Amino acid sequence: MPAFPPPIVLTFAAADPSGGAGLQADLLTLSSMGCHVLSVVTAITVQDTAGVDGVMAIDAEWVADQARLLLEDMTVQAFKVGYAGSVENVAAIAEIVSDYPDVPLILDPVLLATRSDASPDDDLAAALRDLLVPQATVVTPNGVEVRRLAQEDADELEDASAEDCAGRLIQMGAEFVLLTGTHANTPKVINILYGADGIIRQDAWERLPGRYHGAGCTLASAIAATLANGLDLAEAVHDAQEYTWQTLAAGFRPGMGRVLPDRFFWARESDEDPPAPADG
């Protein structure tokens, strides 16, 4: 046996058969960053690189049984939660992670919408807000997601800024919120890490052309990987952003939809290196 086994990360996520997002994105990212991955399937999806056609949530007891058996067998260094699939699954995951308060929990608040139904599930957003945000070490919303998570009332925070909403998540119990600027209309992507005392760090990255499938999953999994590898939080968040940016700069478009991040960019031989990220 090796003297130094890799850190172990347990991810809860939906399966994405395109390999761009969800469970497959977590597996690729965490493996690329030196972790051993335990995976709990929360839902099965019908999707390609262009969008989601259908979602079937796994029964909550099966979600709980998958995780409990793994956790009785192995010690994990981090949890990562992506799309839970149902309110019942959120409740099951919340109960499980509450038994491990010292293990970092990275929450990527994915609210899927299918091509036939453009509106994500409000009940699922409420469950994330009530059950998982208060237990999260880091929540990684974009500007759209942070508003959906922070709004207990549909009209309550209609005029609130994304920064105010991030602060609201801190008040709800999240230790840190990494608000990503992917959806903002800015020359550079500005990602801001908030804590109880306000802004911890702010990083600026060159905005790359094109639309990407799986960038958010990659970032959240990368944070889980850097924390599992022992970095302090501010450094872990920066290094995870650096890794994610490089995967996007080296991204590829295998189908007719969006670009997929190349999580093993460092293993490819290339005559040209991707452009350097902008200074934070």
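Residues numbered from 1 in each chain as written. Predicted model: local features only at pLDDT ≥ 70, side-chain atom pairs only at ≥ 80, totals over all residues. Heavy atoms only, no water.

Looking at the side chain of Gln47
Which entries qualify depends on this criterion: Here a strand is any run of E in DSSP of at least two residues, a helix any run of H or I of at least four, and the numbering for each starts at the N terminus. To sort residues, take the accessible area from a 1.4 Å probe on protein chains only and compare it with the maximum for the residue type: under 20% means buried, over 50% means exposed, and anything in between is partly exposed. Here a polar contact means two N or O atoms within 3.5 Å. Within protein one must be a hydrogen donor candidate and the other an acceptor candidate, and residues neighboring in sequence count only if both atoms are side-chain atoms. Any two residues having at least one pair of non-hydrogen atoms within 4.5 Å are treated as being in contact.
Here Gln47 shows up in strand β2 (residues 36-47). By relative accessible area, which is 14% here, Gln47 ends up buried. Separated by 2.8 Å, the side chains of Gln47 and Thr45 make a polar contact. The residues touching Gln47, leaving out its near neighbours within four places in the chain, are Ala15, Asp16, Pro17, Ser18, Val52, Asp53 and His213.

Examining the packing of aromatic side chains
Applicable threshold: Only Phe, Tyr and Trp rings take part, Trp by its six-membered ring, and two of them pair if their centres are within 6.5 Å. Stacked means planes under 30 degrees apart, edge-to-face means over 60, and tilted covers everything else.
In total, this model carries four aromatic pairs according to the counting rule given. Measuring from centroid to centroid gives 5.9 Å for Phe79 and Tyr100, while their planes differ by 65°, and the two rings are edge-to-face. Residue Phe79 is found in strand β4 (residues 78-81), and its partner Tyr100 is found in the loop between α3 (87-97) and β5 (105-107); the two are separated by 21 residues along the sequence. On the basis of relative accessible area, Phe79 is assigned to the buried category, the value being 0%. Exposure remark for Tyr100: the relative accessible area of 27% places this residue in the partly exposed category.

Brief notes about the packing of helix α1 (residues 22-32) against helix α7 (residues 215-228)
Going by this rule: A fitted line through C-alpha atoms represents every axis, and for helices the fit uses only the stretch in contact; the resulting angles, taken between N-to-C directions, go from 0 to 180 degrees. In these notes the angle categories are as follows: under 35 degrees is roughly parallel, over 145 is roughly antiparallel, 65 to 115 is roughly perpendicular, and the rest is oblique. Should the near helix be turned counterclockwise from the far one by less than a right angle, the crossing is left-handed, whereas a clockwise turn marks it as right-handed. Amino acids outside the nonpolar list (Ala, Val, Leu, Ile, Met, Phe, Trp, Tyr, Cys, Pro) and the charged list (Asp, Glu, Lys, Arg) are all regarded as polar, and Gly is one of them.
Relative orientation of the contacting elements α1 and α7 amounts to 40°, with a least axis distance of 9 Å. Taken together, α1 and α7 sit at an angle that is classed as oblique. With respect to the hand of their crossing, α1 and α7 are arranged in right-handed fashion. Of the residues in α7, those touching α1 at Gly22, Ala25, Asp26, Thr29 and Leu30 are Cys217, Thr218, Ser221, Ala222, Ala224 and Ala225. A per-class count over the contact of α1 with α7 returns six nonpolar, four polar and one charged.

A short note on a negative patch on the surface
The test is simple: Patch membership requires more than 30% relative accessible area and the absence of a salt bridge. Residues of like charge join within 9 Å; the nonpolar side chains Val, Leu, Ile, Met, Phe, Trp and Tyr join within 5 Å. Where accessible areas are quoted, they stem from the Shrake-Rupley method and a 1.4 Å probe; at the residue level, only the protein chains shown are allowed to cover. Just to be clear on terms, a salt bridge is a Lys or Arg side-chain nitrogen sitting within 4 Å of an Asp or Glu carboxyl oxygen. When charges are counted, Lys and Arg are positive and Asp and Glu negative, with His and the chain ends excluded. The atom standing in for a charge is NZ when the residue is Lys, CZ when it is Arg, CG when it is Asp and CD when it is Glu.
A cluster of like negative charges, contributed by Asp59, Glu61, Asp65 and Glu88, occupies part of the molecular surface. Along the chain, Glu61 falls in helix α2 (residues 60-73).

So, the pattern of salt bridges
Any two side chains of opposite charge can pair, given that their charged atoms come close. Under the defined criterion, the tally for this structure stands at five salt bridges. A salt bridge links Arg68 to Asp99, with the nearest nitrogen and oxygen atoms 2.8 Å apart. One end of the pair, Arg68, is in helix α2; the other, Asp99, is in the loop between α3 and β5, and 31 residues separate them in sequence. Classification of Arg68 by relative accessible area gives partly exposed; the value is 26%. Arg201 serves as the salt-bridge partner of Asp203, at 2.7 Å between the closest nitrogen and oxygen. Assessed through its relative accessible area of 3%, Asp203 is described here as buried. Take Arg201: its relative accessible area is 24%, and that puts it in the partly exposed class.

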